[in-house]
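A structural walkthrough
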Amino acid sequence: MKNKLAKLKYLPNNFNILETGDHVICAISGKKIMLENLTYWNVDKQEAYYSYIEAHKKRDGE
């Protein structure tokens, strides 16, 4: 699936793919995150973050 947005269910240590795709969008920056590079997310908010920088900004409420 090239260039298709995936729909995921974020879990504490991994995620389930609900709709097949190759990427998700960062909740902070709007950057595309390829699934193989997805490392940071929030289970409670069900949001993905591009890097630790965006995850930290979200946690600190920036």
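Remember, it's a predicted structure, so these values are computed and weren't measured experimentally.

**Considering the environment of Ser51**
Along the polypeptide, Ser51 turns up in the loop between β6 (47-49) and α1 (52-59). Judged by relative accessible area, Ser51 falls into the buried class, the value being 15%. C-alpha of Ser51 to C-alpha of Leu38: the two residues are 13 residues apart in sequence and 8.4 Å apart in space.

**Quick look at the pairing of strand β2 (residues 15-19)**
Two elements, strand β1 (residues 7-10) and β2, share 4 bridges in a ladder whose sense is antiparallel. Of the residues in β2, the one forming a bridge with Lys9 is Asn16. With antiparallel pairing between neighbouring strands as the criterion, β1 and β2 make up a hairpin whose turn holds 4 residues.

Criteria and thresholds
Residues numbered from 1 in each chain as written. Predicted model: local features only at pLDDT ≥ 70, side-chain atom pairs only at ≥ 80, totals over all residues. Heavy atoms only, no water. Helix = DSSP H or I, 4+ residues; strand = E, 2+ residues; numbered from the N terminus. Buried < 20%, exposed > 50% of the residue type's maximum accessible area, 1.4 Å probe, protein only. Pairing = 2+ DSSP bridges.

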